[in-house]
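# Architecture and fold: a report
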Amino acid sequence: MNLNIRPVFSALLRNRTGAILVAMQIAIALAVLVNAVYIVKQRVDRIGRPTGMDVENIFAISSSGFAQGYDHRATLRDDLAYLRSVPGVVDAVATTSVPLSGGGNGSFLSPRPGGMHSGFTAQQGDGNYFEIDEHGLQTLGVRLIAGRNFRPDEIAPAPLSLAHTEFAPSVIITQAYARYLFPDGNPLGRTVYDYLSRPARIIGIIDHMHGAWPTVDHPDRVYFLPRMAYGPRATYLVRTEPGELNRVMAQVEQHMGTSNSDRVINWVRTLSSFKADTYMSDRNMGTFLVTVTSLLLAIASLGIFGLATFNVNTRTKQIGTRRAVGARRRDIVAYFMVENWLITTAGIVVGCAMALGVGYWLSHQYAMPRLDLYFLVGGVLGLWGLGLLAAWQPARRAATISPAVATRTV
Amino acid sequence: MLDMQHISKVYRSDLVETHALRDFSLTVHAGEFVAVTGPSGSGKTTFLNVAGLLETFHTGRYLLDGSDVSKLSDDERSRLRNEKIGFIFQGFNLIPDLDIYDNVDVPLRYRRMNRAERHERITSALELVGLASRMHHMPSQLSGGQQQRAAIARALAGDPKFLLADEPTGNLDSLMARQVLDLLEQINEMGTTIIMVTHDLELARRAHRNVHIVDGQISDFRAYEPLPEAVAAAGTIGR
Ligand SMILES: Nc1ncnc2c1ncn2[C@@H]1O[C@H](COP(=O)(O)OP(=O)(O)OP(=O)(O)O)[C@@H](O)[C@H]1O
Ligand SMILES: [Mg+2]
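Residues numbered from 1 in each chain as written. Chains lettered and ligands numbered in written order. Predicted model: local features only at pLDDT ≥ 70, side-chain atom pairs only at ≥ 80, totals over all residues. Heavy atoms only, no water.

## Things to note about the sheet that holds strand 4 (residues 59-64) of chain B
Residues and elements named next belong to chain B. As summarised here, the arrangement of the four strands in space is 2-1-4-5, forming an open sheet in which the pairing is antiparallel. Each edge of the open sheet is held by one strand with a lone partner, namely strand 2 (17-28) and strand 5 (67-68). Taken together, the eight bridges between strand 1 (residues 2-12) and strand 2 define a ladder with antiparallel strand orientation. When the bridges of strand 2 are listed, Arg12 appears paired with Glu17. Sheet strands in contact with helix 1 (residues 44-51) are strand 1, strand 2 and strand 4, and its direction is about 120 degrees off that of strand 1. (Pairing = 2+ DSSP bridges. Helix = DSSP H or I, 4+ residues; strand = E, 2+ residues; numbered from the N terminus. Contact = heavy atoms within 4.5 Å. Axes fitted to C-alpha atoms, helices over the stretch in contact; angles between N-to-C directions.)

Next comes the structure, spelled out in structure tokens:
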């Protein structure tokens, strides 16, 4: 096949307008495509990050005591005993909030005494704590990598009033938070201080866990306090054997709805559904970007297709003449493919500059990581392919024009 | 030599069948200059298209330069058109977006000649037709006669054995028409076989031989001029 790029190019230069418009469409499509795919990729990665927990097999159930005689401590004791006895349940715990739910308890730990004035006041909510008993780690499915779990005798009873909450003698902390607090050396056994400068010892370190706010910068700065949660609201997390979640959920909801007439069940929900809600904006953003990008790509393809079709239709005599003087069918196909390749390439060159510009602007404006060049390379290859694909049908049709057209049209 | 025997060509549409060529036989010898005349719709263009491998035919036998062309593939027909046949059209058919030089270059590129040889052929063809100084003009910047001469240069650059012209002067005034015919005569004298369809009987008379087509068949032919010796020696001219 003889590509003859130079004369195709000179002929194209004499018919610029349509070509420039289509090239601009391609440029814009490329700039948006590359950056949108990059953003979507980041969001998808974010949603797919490991949470450290057995998310698929955990559900949460919330109850509120309302009656005069409601006994929070007794309710927790009875409910937990029941939950841990249900067949198919791995373990259960009462806590203050649901991980990944977007609502939780924040406070900060400091490696030095001095409380608010320790010089270590990180931003608000820097540490995210959960109150649990010795069943907490197993219920969440997190992995202890150093130290030990809480012992039953360490667990403080549910406070009767928030004013009298003591800090804890001991805490279990995520590896990420421990490294942040003690960048040098082994954090196990070290003392941390709360906002009132009250001390606690780090007795265990867990591998990894996302807390209540997975979309913040450091969702893995989590620690556990050995204490039953304050009432009259109680939130239980229940971990089931794989495949048992729905059955256990239904059974538990039914039982707990009637087991204690001093309280009501507020809701029963899977941890997965909390996670899905928390990442809703990421998913919506992804869907929006994919839709917009697909539309732009469709418009660019239609532009290429339309221009190629127009060119074929307005050049039937020229095509017939080329055939008459010796062009084979594939030479005609090649002509239109080369022509469209030139237009696409012009658009791609401009589009690369635009993509980098948009990427730079986004990274500045929204503190996003800089555009990964692999995405640009992928976008360029993709648009080249799309351009060739969109021009293929008109080019094939051009090749079917009879050489007799040369003598039959004047 | 171009040898057609009992060729038929039928155009079919939903309603009608047009027998554009019927039992059509004609032999054109190397070096001849044949003018084809006939009423409108008689089949002149059809004959030229079949002869030039632009269209296929249904029955009969056609030997072009000694070889049977009825069973050739589309690609082989393209190659033969490129190498053996030059076309001249009533409407010139120059490519409007290419300058004269590039227009003459079109068939040579399809022959995949190297750049130096193409350049050599383009310039000598343009010199022959007197357009060497206009090679970088666009077709729209030339007069009709100049455009037709550029088209003749394109047809000649590939050094074809046959030049097929369908009313090459149909769009030209009589002065420009005569110049074009002078050029064709000059080319014929250099050895190229020419078949020219024309309505102009005065121009037709300048050919060696006149073939008159009526209703898809040859009704009459006569020689106006003594034939070139080579042709006369080759034998009879005829159906
Ligand atoms: N593609 C086609 N489909 C159907 N009929 C056709 C086609 N091309 C030509 N014809 C018919 O074939 C017959 C011969 O046409 P042709 O073009 O060869 O005539 P012509 O002698 O060149 O006429 P003119 O002097 O007007 O150019 C005409 O009746 C014409 O209508
Ligand atoms: Mg005709």
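## Focus: the site of ligand 1
Taken together, 14 residues sit near ligand 1, with Arg408 of chain A together with Ser40, Lys44, Thr45 and Thr46 of chain B positioned nearest. Looking at the residues close to ligand 1, they fall on chains A and B. Here Lys44 of chain B contributes a side-chain N or O atom positioned 2.7 Å from an oxygen atom of ligand 1. Thr46 of chain B places a polar side-chain atom, nitrogen or oxygen, 2.5 Å from an oxygen atom of ligand 1. Expressed as a share of its isolated accessible area of 630 Å², the protein-covered part of ligand 1 is 64%. Where the shell around ligand 1 is concerned, the elements lending two or more residues are strand 2 and helix 1 of chain B. It is helix 1 of chain B that provides the largest number of residues to the shell around ligand 1, a total of three residues. When the residues that make up the shell around ligand 1 are grouped by side-chain class, the tally is three nonpolar, eight polar and three charged. (Near = heavy atom within 4 Å. Polar contact = N/O pair within 3.5 Å; in protein donor to acceptor, adjacent residues only side chain to side chain. Areas by Shrake-Rupley, 256 points an atom, 1.4 Å probe, with all protein chains shown as cover. Nonpolar A, V, L, I, M, F, W, Y, C, P; charged D, E, K, R; others polar.)

## Details of the pattern of salt bridges
Residue and element names in this part refer to chain A. Under the definition given, this model contains 35 salt bridges over all chains. For the salt bridge of Lys41 with Asp45, the shortest nitrogen-to-oxygen distance reads 2.7 Å. On the criterion of helical spacing, the pair formed by Lys41 and Asp45 is a turn pair, its members being four residues apart in helix 2 (residues 16-48). For Arg84, the salt bridge goes to Asp133, with nearest N and O atoms at 2.9 Å. Placement of Arg84 in helix 3 (residues 72-85) and of Asp133 in the loop between strand 4 (127-132) and helix 4 (136-140) is noted, with a sequence separation of 49 residues between them. Among the residues examined, Arg84 registers a relative accessible area of 28% and is labelled partly exposed. Taking the relative accessible area as the measure of exposure, Asp133 reaches 4% and is therefore buried. Each of Arg43, Arg46 and Asp282 takes part in salt bridges that share partners, so that together they form one network. (Salt bridge = Lys/Arg side-chain N within 4 Å of Asp/Glu carboxyl O. Buried < 20%, exposed > 50% of the residue type's maximum accessible area, 1.4 Å probe, protein only.)

## A short note on the sheet that holds strand 1 (residues 58-65) of chain A
Pairing between sheet strands relies on hydrogen bonds along the backbone, with the strands arranged either parallel or antiparallel. Residue and element names in this part refer to chain A. In space, the four strands of this open sheet follow the order 2-10-1-11, with antiparallel pairing throughout. Two strands bound the open sheet, and with one partner strand each, they are strand 2 (89-95) and strand 11 (263-270). Strand-to-strand twist of the sheet, defined as the mean angle between neighbouring strand axes without regard to direction, takes the value 20 degrees. Relative to strand 10 (residues 233-240), strand 1 runs antiparallel, the two being bridged by seven bridges.

## With respect to helix 11 (residues 373-399) of chain A
Residue pairs three or four apart in sequence face the same way in an α-helix, which turns once every 3.6 residues. Residue and element names in this part refer to chain A. For helix 11, with 27 residues, the first-to-last C-alpha span of 38 Å sits near the 39 Å given by 1.5 Å per residue. Of all the bends in helix 11, the greatest reaches close to 40 degrees and is centred on Trp392; the proline Pro394 follows between one and four positions later. Every buried residue belonging to helix 11 is among Phe375, Leu376, Gly379, Val380, Leu383, Gly387, Ala390, Ala391, Pro394, Ala395, Ala398 and Ala399, and all of these are buried. Tucked inside the fold, the buried residues of helix 11 contact helix 2, helix 8 (280-314), helix 9 (316-324) and helix 10 (329-365). (Expected span 1.5 Å × (residues − 1). Bend = angle between axes of the 7 residues up to and from the residue.)

## Thoughts on a nonpolar patch on the surface
Residues and elements named next belong to chain A. Judged by side-chain polarity, Leu3, Ile5, Phe9, Leu13, Trp341 and Leu388 come together as a nonpolar surface patch covering roughly 500 Å² of accessible area. Looking at the nonpolar patch, the element that brings in the most residues is helix 1 (residues 5-13), giving three residues. One can find Leu3 in the segment before helix 1. Leu3 gets classed as partly exposed once you look at its relative accessible area, which sits at 43%. (Patch = residues over 30% accessible without salt bridge, like charges linked within 9 Å, V, L, I, M, F, W, Y side chains within 5 Å.)

## Here's the deal with the environment of Ile58 of chain A
Assignment of secondary structure puts Ile58 of chain A in strand 1. Apart from the residues within four sequence positions on either side, Ile58 of chain A is in contact with Thr139, Leu140, Leu237, Val238, Arg239, Leu245, Thr270 and Leu271 of chain A.

## Examining the interface of chain B and chain A
Residue-level contacts link 29 residues of chain B with 29 residues of chain A. Summing both sides of the interface, chain B and chain A together bury roughly 2700 Å²; the carbon and sulfur share of this comes to 50%. Taken as a group, Asp97, Arg109 and Tyr110 of chain B account for 26% of the area that chain B buries against chain A, more than any other trio of residues on that side. Counting the contacts that link chain B with chain A gives five salt bridges. (Buried area = accessible area lost by both parts, 1.4 Å probe.)

## Structural notes on the packing of aromatic side chains
All names here are of chain A. Scanning the model with the defined rule gives twelve aromatic pairs over all chains in all. An angle of 40 degrees between the planes, with centres 5.7 Å apart, marks the rings of Tyr129 and Tyr223 as tilted. With Tyr129 in strand 4 and Tyr223 in strand 9 (residues 222-226), the pair connects residues that are 94 residues apart, well separated along the chain. The exposure class of Tyr129 is buried, given its relative accessible area of 17%. Pairwise contacts between aromatic rings join Tyr129, Tyr177, Tyr180 and Tyr223 into one cluster. Cation over ring: Arg269 sits above Phe274, and NZ or CZ is 3.9 Å from the ring centre. (Phe/Tyr/Trp six-rings, centres within 6.5 Å; stacked < 30°, edge-to-face > 60°. Lys NZ or Arg CZ within 6 Å of the ring centre and 35° of its normal.)

## Some words on the domain arrangement of chain A
Segmentation of chain A into domains returns domain 1 (5-48 + 280-407) and domain 2 (67-261). Computed from C-alpha atoms alone, the centre-to-centre distance between domain 1 of chain A and domain 2 of chain A is 54 Å. (Domains from an automatic or database assignment.)

## Here's the deal with the side chain of Asp133 of chain A
Reaching out from Asp133 of chain A, the side chain makes a polar contact with the side chain of Arg84 of chain A at a distance of 2.9 Å. Separated by 2.8 Å, the side chain of Asp133 of chain A and the backbone nitrogen of His135 of chain A make a polar contact.

## Structural notes on unusual backbone geometry
In the segment running from Gly231 of chain A into Pro232 of chain A, the intervening peptide bond is cis, with an omega of 5 degrees. Inspection of the secondary structure puts Pro232 of chain A in the loop between strand 9 and strand 10. At Asn93 of chain B, a position not held by glycine, the phi torsion is positive, near 55 degrees. By secondary structure assignment, the location of Asn93 of chain B is in the loop between strand 6 (85-88) and helix 3 (100-110). The buried category is assigned to Asn93 of chain B, whose relative accessible area is 4%.

## Side note on the environment of Leu164 of chain B
Residues and elements named next belong to chain B. Along the polypeptide, Leu164 turns up in strand 7 (residues 162-166). Accessibility expressed as a relative area gives 2% for Leu164, which makes it buried. Leu164 sits 113 residues away from Ala51 along the chain, and the two C-alpha atoms are 8.4 Å apart.

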